[in-house]
Each structure stands twice: as structure tokens, then as C-alpha cells.
Amino acid sequence: MKVTSFGEVLWDDFPGGKVLGGAPLNVLVRLRSLGVDTSMISSRGDDADGEELLRQIESKNVNTDLLQVCKDQATSLVKVHLDACGSASYEIVYPCAWDRIQVEEAALQRVAESDASFTAAFPPATKFPAKRSSNWWKKPNSKFSTLTCARRTTTPAALLEMMKKSRPHQAQRRRIV
């Protein structure tokens, strides 16, 4: 099975240090651990954080051929604030590299060859810039569907089944943030 995702790759900056993150990437890492051929469509900055991000994604065996380098924006960062009870709130540093994903023929080809493709949606309470530079996933016959990754009870088998059932018409209904 071949699965491709579009969306953010970033650093979650916790009080104790940075951790590789981004909902679409997290799903791909898990699918890859189950033996699925995975590929990430995103953008990183041309900086030390971007180089380390690339190294860590490659170490998880997720295909990075479609990970673009944005020369004019820093690698994406989310500052994670923990309250006294350990509940997190997020400050998304903007502008950022993953907001500059460009249309590339290789990405369109990978999506066309994939059994499933998705982007992940942030919960509605997340304040996030609504404008995105790349609306190419809205093209006719898009295989993209939205996956909200907040439910920890979703099993890998259920996740794969949801992605298999995605339909091109869902591209118009899904929420891209």
C-alpha cells in the first residue's frame, strides 16, 4: 500500500526541548512502522532546524523526496505551553515554511499513484492563519481526504480503512488549515 500526505512538518517546542511533529507526519510515521510505503508533501526552511527535521524524518523511513526547501521562511515551529495540570496550549509561529508548499508535478504524480492520500485537520479551536498558498489539492480527481487525528482510539487498521474509503468529492468538503 502507498500512502501520501500533504501538510505541516514542524518542531513542537516544549519547555524541555524540540520534538518532531505535525499531524500528517505523525500519521505517516505510524503507518511506516506498520510497513506502509509513505511519502510526505511539505516544505521546510533552509536552516539548521530544517536540516535536523529532514534527518529525523529520514531516520523514520518516511520518503522525503517531496519535502521542499523554502528559502525565505524558517522551518515551522509550534511553541507548546503547559499549564500547572500539564494541559497544552499552542502558539504557532507564523509565517513558516510549511505554509509555502508549492505545486510540483512529482507530488501530483505521487498522489495519483497512491492508494490513499490525506491531510490532517487541526481542531476548530486552534487559531491558525486561514490563508494557504497552495490550493492544488482541490484539483479535479483529487484523492485527498481530511483526517482529524485527535482520536487516540483509532487503530491503524481503522485508519487505513478510512483512507481507503476516501472519495474525490470529499476534497470539496474537507477543512484545510
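The preceding data block contains the structure.
None of these values were measured; they are calculated from a predicted model. (Residues numbered from 1 in each chain as written. Predicted model: local features only at pLDDT ≥ 70, side-chain atom pairs only at ≥ 80, totals over all residues. Heavy atoms only, no water.)

Participant: Please give an account of the nonpolar core that cites residues and values.
Facilitator: Grouped together as the largest cluster of nonpolar side chains are 18 residues, with contacts concentrated most on V3, V9, L25, L53 and I57. Secondary-structure elements contributing two or more residues to this core are α1 (23-33), α2 (48-59) and β8 (116-121). Sort the elements by how many residues they give to this core and α1 lands first, with four residues. Not counting the four nearest positions on each side in its chain, I57 is found in contact with V9, L20, L25, V62, T64 and L67. L10, L66, W98 and A107 belong to the second largest nonpolar core, which has eleven residues in total. (Core = buried A, V, L, I, M, F, W, Y, C linked by side-chain atoms within 4.5 Å. Buried < 20%, exposed > 50% of the residue type's maximum accessible area, 1.4 Å probe, protein only. Helix = DSSP H or I, 4+ residues; strand = E, 2+ residues; numbered from the N terminus. Contact = heavy atoms within 4.5 Å.)

Participant: Could you give me a rundown of the pairing of strand β6 (residues 77-82), with the residues and numbers involved?
Facilitator: Sheet topology note: the strand β2 (residues 10-14)/β6 ladder contains three bridges and is parallel. Residue pairing for β6: D12 is matched across the bridge by V78. Two strands pair when backbone bridges link them, and β6 and strand β7 (residues 88-92) are joined in this way by five bridges, in the antiparallel orientation. Opposite K79, over in β7, you have E91 as the bridge partner. As consecutive antiparallel partners, β6 and β7 are separated by five residues, and within that stretch G86 has a phi angle of approximately 90°, a positive value. (Pairing = 2+ DSSP bridges.)

Participant: Give me the environment of G21: which residues, what numbers.
Facilitator: Looking at the secondary structure, you find G21 in strand β3 (residues 17-21). With a relative accessible area of 0%, G21 lands in the buried category. Taking the C-alpha atoms as reference, G21 lies 9.1 Å from L77; in sequence the two are 56 residues apart. Discounting residues that sit within four places of it in the chain, G21 has contacts with E8, V9, L10, D12 and N26.

Participant: Give me the lowdown on α1, citing residues and values where you can.
Facilitator: Looking at α1, one finds that the buried residues are P24, L25, V27, L28 and L31. On an axial view of α1, the arc spanned by its buried residues comes to 160°, and they lie on one face. Directly beyond the C-terminal end of α1, a positive phi value near 95° is found at G35. (Arc of directions from axis to C-beta.)

Participant: Summarise the sheet that holds β3; cite the residues concerned and give the values.
Facilitator: Hydrogen bonds between backbone groups are what pair the strands of a sheet, and the pairing can be parallel or antiparallel. The sheet built from four strands is open, its strands ordered β3-β2-β6-β7 with mixed pairing. Whereas interior strands pair on both sides, the edge strands pair on one side only; in this sheet they are β3 and β7. Direction aside, neighbouring strands of the sheet carry axes that sit 30° apart on average. (Axes fitted to C-alpha atoms, helices over the stretch in contact; angles between N-to-C directions.)

Participant: If you had to explain unusual backbone geometry to someone new, which residues and values would you point to?
Facilitator: Residue P95 follows Y94 across a cis peptide bond; omega there is 5°. Along the polypeptide, P95 turns up in the loop between β7 and α3 (105-113). For N61, which is not a glycine, the phi torsion comes out positive at approximately 65°. Classification of N61 by relative accessible area gives exposed; the value is 52%.

Participant: Describe a nonpolar patch on the surface, naming the residues involved and giving the relevant values.
Facilitator: On the surface, F14, V19 and L82 cluster together to form a nonpolar patch covering roughly 240 Å² of accessible area. As for its placement among the helices and strands, F14 is situated in strand β2. (Patch = residues over 30% accessible without salt bridge, like charges linked within 9 Å, V, L, I, M, F, W, Y side chains within 5 Å. Areas by Shrake-Rupley, 256 points an atom, 1.4 Å probe, with all protein chains shown as cover. Salt bridge = Lys/Arg side-chain N within 4 Å of Asp/Glu carboxyl O.)

As far as function goes, none of this settles anything; it's purely spatial.
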